[in-house]
Amino acid sequence: MIMLIKYLLFILLVIFMIGAAVYSLTSRRTPDPLEKGRRRSIMNVLLGAMLVTLSLMSMFLFRGSTPSVIVEALFLVIGAFNIFSGLRSYGYYSRSGSGRKA
């Protein structure tokens, strides 16, 4: 069961990493500033999810020494903040773009 969780977390990590790279590249190529902001906010959510997944992976893979627990907690907090700020900015850019085109 633990091996299944480890493999699932690794697959999620790879998916989040590829998704963040794709949204980063597409946001750089988009000329519209609202669409660029929307894509960067999605990228921010994916990067936060990647950090949370990375901290969960390290919780399952390594023993609980004090430096390891501190790094895991730090990754978890930074990842949660990235998810929150990405969702918040996505809401902002979605509301900004809805009244622009009829």
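Overview of the structure. Model, not experiment: these values are computed from the prediction.

**Quick notes on the packing of helix α1 (residues 2–29) against helix α2 (residues 33–61)**
- Relative orientation of the contacting elements α1 and α2 amounts to 160 degrees, with a least axis distance of 8 Å. With respect to each other, α1 and α2 are oriented roughly antiparallel. Taken as a pair, α1 and α2 cross one another with a handedness that is left-handed.
- Of the residues contributing to the contact of α1 with α2, the split by class is 21 nonpolar, 5 polar and 5 charged.

**Focus: the packing of aromatic side chains**
- Under the counting rule described, the total for this entry stands at 1 aromatic pair.
- Where Y92 meets Y93, the ring centres are 5.3 Å apart and the plane angle is 70 degrees; that geometry is what we call edge-to-face.
- The class of Y93 is partly exposed, set by a relative accessible area of 24%.

**Overview of a nonpolar patch on the surface**
- Together, I2, L56, M59, F60 and L76 line one region of the surface with nonpolar side chains, adding up to about 380 Å² of accessible area.
- The element that contributes the greatest number of residues to the nonpolar patch is α2, accounting for 3 residues.
- With respect to the helices, strands and loops of the structure, L76 is situated in helix α3 (residues 66–98).
- L76 sits in the partly exposed class, given a relative accessible area of 32%.

Rules used in this analysis
Residues numbered from 1 in each chain as written. Predicted model: local features only at pLDDT ≥ 70, side-chain atom pairs only at ≥ 80, totals over all residues. Heavy atoms only, no water. Axes fitted to C-alpha atoms, helices over the stretch in contact; angles between N-to-C directions. Helix = DSSP H or I, 4+ residues; strand = E, 2+ residues; numbered from the N terminus. Parallel < 35°, antiparallel > 145°, perpendicular 65-115°, else oblique. Left-handed = near helix turned anticlockwise from the far one by under 90°. Nonpolar A, V, L, I, M, F, W, Y, C, P; charged D, E, K, R; others polar. Phe/Tyr/Trp six-rings, centres within 6.5 Å; stacked < 30°, edge-to-face > 60°. Buried < 20%, exposed > 50% of the residue type's maximum accessible area, 1.4 Å probe, protein only. Patch = residues over 30% accessible without salt bridge, like charges linked within 9 Å, V, L, I, M, F, W, Y side chains within 5 Å. Areas by Shrake-Rupley, 256 points an atom, 1.4 Å probe, with all protein chains shown as cover. Salt bridge = Lys/Arg side-chain N within 4 Å of Asp/Glu carboxyl O.

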